[in-house]
Amino acid sequence: MNARNPLNIGAAARAMSNFGFSRLRVVNPFEVAFQEARSAVGAAEYLARAEQYATVAEAVADCALVVGTTAVRHRDLRHVLKPLEEGGALIRERMQSGRRYSENVALLFGSEKFGLSNEDFSHCHWLIRIRTDDEHISMNLGQAVAVCLYEVARSDADEVKTQHQAAQHVEDGANATAEEVERITQMLFEALQLSGYVKPRTEGSTEEKVRRLIRRLSLQSKDAVAWQGMLHRMVLKLRRNAKK
């Protein structure tokens, strides 16, 4: 997300090649840095086929689970925050159980300077952090990517300690993609606007709250269809009333 250093972009791609991950998606990268990074040793192939997006919403549209990363600092987080050991086990479990349903899982990293914004976080289901020394809490982007991917890629034999901590997330059907969840978010937000619930001064923060709320529901795809149908009828009725 908004990466500006070609060395960090190259290091992230190199880490993907090291640990067996192949799909790199970049959101609004600094173009000069991104072009320079394409020559990174051992990562040129990954960068050549990297997918570019203008927004986080577009980048994670087909993902059933979106996990953000943060160094925490003094931020007032409104998401569940998991240590990397537990979060990595949950991500790995979700990827393995989702093979039957072709689920995509996204691990979202912010820019080197600012990390992820609250708006970025609103697209995430939950967050993870790497345990670091309190005096040196922030990590280099490339290093952070490598550490997180290592944890996600660990073999079953390595996760004896974490498998008992991880919650069970195996479900009986495919989970809703981020695109489906975002569609529900936008319809619900429009309904709230038309009803007068949303105030102009707090419109941005209210939309983020709605987005976080919907993601906490962990909807399955079949339920997302039902939600969209119900909300669609509600919005149509509210639009007609607003025109009277």
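Here we summarise the structure given alongside this text. Model, not experiment: these values are computed from the prediction. (Residues numbered from 1 in each chain as written. Predicted model: local features only at pLDDT ≥ 70, side-chain atom pairs only at ≥ 80, totals over all residues. Heavy atoms only, no water.)

1. Structural notes on the sheet that holds strand S3 (residues 63–69)
Turning to step 1, where the next piece is worked out: With respect to topology, 4 strands assemble into an open sheet ordered S4-S6-S3-S5, the strand pairing being parallel. Edge positions in the sheet fall to strand S4 (81–83) and strand S5 (104–108), since each of these pairs with one other strand and no more. Across the sheet, the axes of successive neighbouring strands diverge by a mean angle of 30°, strand direction being ignored.
Turning to step 2, where the next piece is worked out: Bridge count for S3 against S5 is 5 bridges, and the pairing is parallel. Bridged to Val67 within S5 is Leu107. (Pairing = 2+ DSSP bridges. Helix = DSSP H or I, 4+ residues; strand = E, 2+ residues; numbered from the N terminus. Axes fitted to C-alpha atoms, helices over the stretch in contact; angles between N-to-C directions.)

2. Quick notes on unusual backbone geometry
Where the residue is not glycine, phi is negative for most of them; where a peptide bond is considered, it is trans in most cases.
Turning to step 1, where the next piece is worked out: Even without glycine at this site, Asn28 takes up a positive phi of about 45°.
Turning to step 2, where the next piece is worked out: If you trace the backbone, Asn28 turns up in the loop between strand S1 (25–27) and helix H2 (31–37).
Turning to step 3, where the next piece is worked out: When its relative accessible area of 45% is taken as the criterion, Asn28 is described as partly exposed.
Turning to step 4, where the next piece is worked out: Positive phi, normally seen in glycine, also occurs at Ser218, with a value near 50°.
Turning to step 5, where the next piece is worked out: Positionally, Ser218 belongs in the loop between helix H10 (203–216) and helix H11 (221–243).
Turning to step 6, where the next piece is worked out: A relative accessible area of 42% places Ser218 in the partly exposed class. (Buried < 20%, exposed > 50% of the residue type's maximum accessible area, 1.4 Å probe, protein only.)

3. Structural notes on the packing of aromatic side chains
Turning to step 1, where the next piece is worked out: Evaluated as defined, the whole model comprises 1 aromatic pair.
Turning to step 2, where the next piece is worked out: With centroids separated by 5.9 Å and ring planes inclined at 65°, the aromatic side chains of Phe19 and Tyr150 adopt a geometry described as edge-to-face. Of this pair, Phe19 sits in helix H1 (residues 6–19) while Tyr150 sits in helix H7 (residues 141–153), placing them 131 residues apart in sequence.
Turning to step 3, where the next piece is worked out: According to the relative accessible area criterion, Tyr150 is partly exposed, its value standing at 41%.
Turning to step 4, where the next piece is worked out: Over the face of the ring belonging to Tyr46 we find Arg49, whose NZ or CZ atom lies 4.8 Å from the ring centre.
Turning to step 5, where the next piece is worked out: Its guanidinium or amino end placed over the ring of Trp126, Lys82 lies 5.3 Å from that ring's centre, counting from NZ or CZ. (Phe/Tyr/Trp six-rings, centres within 6.5 Å; stacked < 30°, edge-to-face > 60°. Lys NZ or Arg CZ within 6 Å of the ring centre and 35° of its normal.)

4. What to know about the packing of helix H9 (residues 178–195) against H10
Turning to step 1, where the next piece is worked out: Relative to each other, H9 and H10 sit at 135°, their axes nearing to 9 Å. The angle between H9 and H10 falls in the class oblique. Relative to H10, the crossing made by H9 is right-handed. The residues of H10 that touch H9, namely those facing Ala178, Val181, Glu182, Ile184, Thr185, Gln186, Leu188, Phe189, Leu192 and Gln193, are Glu203, Thr206, Glu207, Val210, Arg211, Ile214 and Arg215. (Parallel < 35°, antiparallel > 145°, perpendicular 65-115°, else oblique. Left-handed = near helix turned anticlockwise from the far one by under 90°. Contact = heavy atoms within 4.5 Å.)

5. Things to note about H10
Every α-helix winds through 3.6 residues per turn, so residues three or four apart in the chain are directed the same way.
Turning to step 1, where the next piece is worked out: When the terminal C-alpha atoms of H10 are compared, their 20 Å separation across 14 residues agrees well with the 20 Å that a helix rising 1.5 Å per residue should span.
Turning to step 2, where the next piece is worked out: Every buried residue belonging to H10 is among Thr206, Glu208, Val210, Arg211, Arg212, Ile214 and Arg215, and all of these are buried.
Turning to step 3, where the next piece is worked out: Following H10 by one or two positions, Ser218 has its phi on the positive side, about 50°. (Expected span 1.5 Å × (residues − 1).)

6. Details of the nonpolar core
Turning to step 1, where the next piece is worked out: Ranked by size, the top nonpolar core spans 30 residues in total, and within it Leu24, Leu47, Trp126 and Val145 carry the most contacts.
Turning to step 2, where the next piece is worked out: Mapped onto this core, the elements with two or more residues apiece are H1, H2, helix H3 (44–48), S3, helix H5 (84–97), strand S6 (126–129) and H7.
Turning to step 3, where the next piece is worked out: Ranked by the residues each element gives to this core, the list is headed by H7, at 6 residues.
Turning to step 4, where the next piece is worked out: Excluding its chain neighbours within four sequence positions, the residues that come into contact with Trp126 are Leu65, Val66, Val67, Gly68, His79, Val80, Lys82, Gly87, Leu90 and Ile91. (Core = buried A, V, L, I, M, F, W, Y, C linked by side-chain atoms within 4.5 Å.)

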